[in-house]
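# Inside the fold
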Amino acid sequence: MGAYILRRLFMVLFVGVGITFITFLIAQVIPIDPAAAALGENAREEQIQEFRQRYGLDKPILVQYALYLQRLLQLDLGRSLRTGRPVAEDLKEFFPATLELALAAFLVAVLLGLAAGVWAALRQNRLPDLLVRLMALLLGSTPVFFLAILLLDLLHRRLGLLPGPGRLDPFLIPPPPVTGLTTLDALLARDWGAFQDALAHLLLPAFVLGSASAALLARMTRAAMLEVLSQDYVRTAWAKGLSERQVVLRHALKNAALPVLTLLGSLMGGLLSGAVLTETIFSWPGLGRYVTQSATSLDFPAVMGVTLLVGLVYSFLNLLVDLLYALLDPRIRYA
Amino acid sequence: MRRGLLALAMLFSLAWAQDRTQVLVYGGDWTDLITLDPQVVYEFTGVMIADNLYETLVRFEGNDLATLRPGLAESWKVERGTTDWILTFKLRKGSRFSTGREVTAKDVVFSFERALALKGPGSFLFTEISQLKPGATKALDPYTVEVRIPKTASPQSFLSILTFTIGGGVDSEEAQKNAKGGDFGKDFLTNNSAGSGPYRLVRWDRGNQVILEANPYARVKPKVPRVVLRYIQEPAVLRTALESGEIDIAEGLTPEGLRAIAANPRFKVVRAETLRLQYLGMNVKPGSPFANPKVREAVRFAVNQDELIQGLLQGNATKIQTFIPKGLLGYNPATPYKYDPARAKKLLAEAGYPQGLEFELLTSTGICGGGVPCPDVAAKLQADMAKAGLKAKIRAIANAEVLATYRAQNHQMVLAGWSPDFPDPDGNATPWADYAARSLAWRNGYNDEVAAKLARQAALEADPEKRKALYKVLTEKVLREGPYVVLYQPAQPIGLSAKVEGFLKNPMMSVPLWQVSKQP
């Protein structure tokens, strides 16, 4: 098992090199000069030359790439062309917001998706099933920006039930930043007012971001459950006179979990790589917004940093899912 | 269900029990913010905020960019030395930094030297425009600063530049205490403030918010002690946030959003004047059709400025045809060109294009002055010019690519914008008229020695009346012969709660937040 994990971690290295190489290649295909993009319309020729030299943009592409890899070995992601700060520091500042939102959205997706999927499967072709399928279709096909603006307008502007964009009421004093997760920071500071407010600010974006995943998950769970429910051992469980709860939780759900788990891994990965639209509409300072701004200003060190981070997150989530397989299904062994 | 929602609402309304008149919330797209170091900052948002954290020797008040007023300096004088201009500033006593230390001449000298050493994107204002050298700023005594700049530089331009954050007074002890590896405290001042302005920086959560609080030692006390700048990029969300009272000021609303806000008595719209010009640049290098002055004249008669401003821009712009924007000395209100497609057609025929002329009009896919998408402006121009036989093919590409093409002189006609780097007519005259400055005149291949000489002469003229006269000649000349068609000078409408008083954004994008008050 230990050797397997080590081998998988080693593979991550190659993934990293692959990601950076492809991003570097893309940087070459785009016919725009990053120096001109960073300095704007009033920049003088000398300023542009100076900028190119400072960031090594005047060197041949392969030399630039070799230098990048060399720095990467020392865990240095380079400096952002746009903010002038080390990319690692920018990531440290923007990732926690994405993490907080992704975790909340994941929770929404799992709670809603799993419950709805199981319920629909148990009442196949009856009203609950039809309702769940209709909702899944609706939520799964509503564009995120439409849903976000609709809910903001209704629940915030018209009804005043939930707070507007951002992570905390601007009239509150924010808790001192420790983890970067506002809810957690508020708890650490024992500031209950800020905690409630941060949680309230999290509800809408988490729902909007998680709803499409919930829809997908509901349909997946429903299908997996239907298949398991028709198996002999489930019929035997019913025949033994077990309660519905015991049949579903102990016998059916555990066996339906494998395909669902695969989906969960990639869903979490997707949520963690930054949700551009949700973050933009809810003014959520996360990776998605950071990377779009970096990409539009051709800030390749920053884009590469984010891509690398997201690549690593995916690799680890995949590893985690594979390890969980072995836990759920004793027939699976890794050596 | 109903009861649940109500409980939810009550739970979250606890946090709303604050005194909201003591906090001002300003929403907008602040994503250009990368530093708050006064000597390094050169982005709109950064300059706007730093201006509230640091004081400069001299300053402008409100929309008036022609009258210098006392800042850290209570008086100043300009003398003609043998080789240099000698500027002497008397500091007022009792100005204090947010650290509690008094502002002295030593701090001013440190700040100027700091600007020269850090070589930020705005440092050319000191090094090139003012030709300021290290060691040229001296503390004669704790309250007197002397600055020498060469005779070839303009003392007027230099004084205008000193209103800008680059000359902001930094607490030299605080900066040096936090310096790392000879960076003059640059890393520290990116996220922290050490100025004598009305506010001090409390917190900057990138992408989320910037929080300012009253500087307890400041000479000028702000009316609202706490300001929160909220990052909101999406215009629809910005409007929702303003309407729900979550923010007090909204910058970046769409024209529809502004119309709705203006019609609601709970809100008002303030128009911020700018010094920006939206213009067409024509490449006049040999071989180009625009090298022929008659073709350029035809283009000037083929642009329907009035319809562009009233229709597309909803009146959020000033009509202007000369290159010094309204608000600066030397502004020339002449608008001799009226939309006249028949006359344009005739000029085109005289120039040798009786069948009309086909050319490429380069434009950014982004937003032009006045908040209108550039491709929309280009399409309007295309339609108007087509009636005169000027057949523009629009090529809309990313803004950075437009700039690269323009800089390489590879355009035929370009739709572009320009804002002066400092509030002085020379901030436009040199780039627009002097080929040797390798700016706009150069990009468009406009090499006119007379125009360049006039620009240089006007920059150095100390007498405002004579200077004005020189600029009149120059703007007139470039209007008739130059490679530009100036389209409009946009204004920026900003939506605010009717409870907010005293809000102003001046044409240099400076917002004196300390003058803003909020009614309950």
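Residues numbered from 1 in each chain as written. Chains lettered and ligands numbered in written order. Predicted model: local features only at pLDDT ≥ 70, side-chain atom pairs only at ≥ 80, totals over all residues. Heavy atoms only, no water.

Turning next to the side chain of Thr56 of chain B. Residue and element names in this part refer to chain B. Here Thr56 lies in the loop between helix 2 (44-53) and strand 2 (58-61). Overall, the relative accessible area of 7% leaves Thr56 in the buried class. Among the polar contacts made by the side chain of Thr56, one reaches the main-chain carbonyl oxygen of Val58 at a distance of 2.8 Å. Not counting the four nearest positions on each side in its chain, Thr56 is found in contact with Gly71, Leu72, Leu162, Thr163, Phe164, Thr165, Gly167 and Gly168. (Helix = DSSP H or I, 4+ residues; strand = E, 2+ residues; numbered from the N terminus. Buried < 20%, exposed > 50% of the residue type's maximum accessible area, 1.4 Å probe, protein only. Polar contact = N/O pair within 3.5 Å; in protein donor to acceptor, adjacent residues only side chain to side chain. Contact = heavy atoms within 4.5 Å.)

Right, let's talk about the confidence of the model for chain B for a bit. Residue and element names in this part refer to chain B. Averaged over chain B, the pLDDT score is 92; the fraction of residues at 70 or greater is 97%. In this model residues 10-17 is a low-confidence stretch, pLDDT under 50, and it forms 12 contacts with partners more than four residues away in sequence or in other chains. Both scores are given for the predicted complex: the pTM is 0.84, the ipTM 0.82. (pLDDT = per-residue confidence, 0-100.)

So, on to the packing of aromatic side chains. In this structure the tally under the stated criterion is 18 aromatic pairs over all chains. With centroids separated by 6.1 Å and ring planes inclined at 45°, the aromatic side chains of Phe110 of chain B and Phe184 of chain B adopt a geometry described as tilted. Of this pair, Phe110 of chain B sits in helix 3 (residues 105-118) while Phe184 of chain B sits in the loop between helix 6 (172-177) and helix 7 (186-191), and the two are 74 residues apart along the sequence. The exposure class assigned to Phe184 of chain B is partly exposed, which follows from its relative accessible area of 29%. Measuring from centroid to centroid gives 5.8 Å for Phe323 of chain B and Trp432 of chain B, while their planes differ by 10°, and the two rings are stacked. Of the two residues, Phe323 of chain B is situated in the loop between strand 14 (317-318) and helix 12 (341-350) and Trp432 of chain B in helix 15 (residues 426-433); the sequence distance between them amounts to 109 residues. Considered together, Phe323 of chain B and Trp432 of chain B belong to a single accessibility category, that of buried residues. The rings of Phe21, Phe24, Tyr65 and Tyr68 of chain A are connected pair by pair, giving a single aromatic cluster. Lying over the aromatic face of Trp204 of chain B, Arg206 of chain B brings its terminal NZ or CZ to 4.0 Å of the ring centre. (Phe/Tyr/Trp six-rings, centres within 6.5 Å; stacked < 30°, edge-to-face > 60°. Lys NZ or Arg CZ within 6 Å of the ring centre and 35° of its normal.)

Now for the interface of chain A and chain B. Taken residue by residue, the interface counts 51 residues in chain A and 56 residues in chain B. Overall, the association of chain A and chain B removes approximately 4700 Å² of surface from exposure, summing both partners, and the carbon and sulfur fraction of that is 55%. Summed over the shared surface of chain A and chain B, the result is 2 salt bridges. Applying the counting criterion to the chain A and chain B interface returns 12 residue pairs in polar contact (both at pLDDT 80 or more). For the side of chain A that touches chain B, the secondary-structure elements that each account for two or more residues are helix 2 (34-39), helix 3 (45-54), helix 5 (87-122), helix 7 (144-158), helix 9 (192-229), helix 12 (276-281) and helix 13 (287-296) of chain A. For the side of chain A that touches chain B, the leading source of residues is helix 9 of chain A, giving 5 residues. (Buried area = accessible area lost by both parts, 1.4 Å probe. Salt bridge = Lys/Arg side-chain N within 4 Å of Asp/Glu carboxyl O.)

Residue and element names in this part refer to chain A. In this structure, Ile149 sits in helix 7. Under the relative-accessibility criterion, Ile149 is labelled partly exposed at 30%. C-alpha of Ile149 to C-alpha of Ile281: the two residues are 132 residues apart in sequence and 7.5 Å apart in space.

Residue and element names in this part refer to chain B. What the 4 strands build is an open sheet, ordered 4-5-7-6; its pairing is antiparallel. Either end of the sheet is taken by a strand with one partner, and the two such strands are strand 4 (73-80) and strand 6 (137-141). Between one strand axis and the next, the sheet turns by 20° as a mean value, whatever way the strands run. As defined by bridge partners, strand 4 adjoins strand 5 (residues 84-91) across 7 bridges and the pair is classed as antiparallel. Looking at strand 5, one finds that Arg80 is bridged to Trp85. Here helix 3 sits on the sheet and contacts strand 5, strand 6 and strand 7 (144-150); the angle it forms with strand 6, its principal contact strand, is near 175°. (Pairing = 2+ DSSP bridges. Axes fitted to C-alpha atoms, helices over the stretch in contact; angles between N-to-C directions.)

On to the pairing of strand 5 of chain B. Residue and element names in this part refer to chain B. Burial analysis of strand 5 places 6 of its 8 residues in the buried class, the great majority of the element. Linking two consecutive strands that pair antiparallel, namely strand 4 and strand 5, is a turn of 3 residues. Two strands pair when backbone bridges link them, and strand 5 and strand 7 are joined in this way by 7 bridges, in the antiparallel orientation. Residue pairing for strand 7: Asp84 is matched across the bridge by Pro150.

Here Phe184 of chain B, not a glycine, exhibits a phi torsion of approximately 55°, which is positive. The backbone phi angle of Arg438 of chain B is positive, close to 50°, even though this residue is not glycine.

As a further point, take empty space enclosed by the protein. A full pass over the atoms with the stated rule returns 2 cavities of 30 Å³ or more. If you add up the space inside the largest cavity, you get close to 130 Å³. Along the walls of the largest cavity sit 16 residues, with Arg82, Phe94 and Gln293 of chain A together with Arg206 and Gly207 of chain B positioned nearest its centre. Going through the elements one at a time, helix 5 and helix 13 of chain A are the ones with two or more residues in the lining of the largest cavity. Tallying contributions element by element places helix 13 of chain A first for the lining of the largest cavity, with 3 residues. There is about 70 Å³ of room inside the second largest cavity. (1 Å grid on protein atoms, 1.4 Å probe; cavity = no way out; pocket = protein on both sides within 12 Å on 5 of 7 lines; lining within 4 Å. Points joined across faces, edges and corners; volume = space filled by probe spheres on them.)

Here the structure, examined in full by the defined rule, presents 45 salt bridges over all chains. Taking the shortest distance from any N to any O, the salt bridge between Glu243 of chain B and Arg239 of chain B comes out at 3.2 Å. Highlighted residues: Glu243 of chain B and Arg239 of chain B, both in helix 8 (residues 235-243), separated by 4 residues, approximately one helical turn. What makes Glu243 of chain B buried here is its relative accessible area of 14%. Note that Lys294 of chain B and Glu350 of chain B form a salt bridge whose closest N and O atoms lie 3.3 Å from each other. With Lys294 of chain B in helix 10 (residues 293-301) and Glu350 of chain B in helix 12, the pair connects residues that are 56 residues apart, well separated along the chain. Residue Lys294 of chain B is classed as partly exposed on the basis of its relative accessible area, which comes to 35%. A residue is classified by how much of its surface remains accessible, and Glu350 of chain B, at 43% relative accessible area, is partly exposed. Taken together, the salt bridges that share partners define one network made up of Arg85, Glu89, Asp90 and Glu93 of chain A together with Arg206 of chain B.

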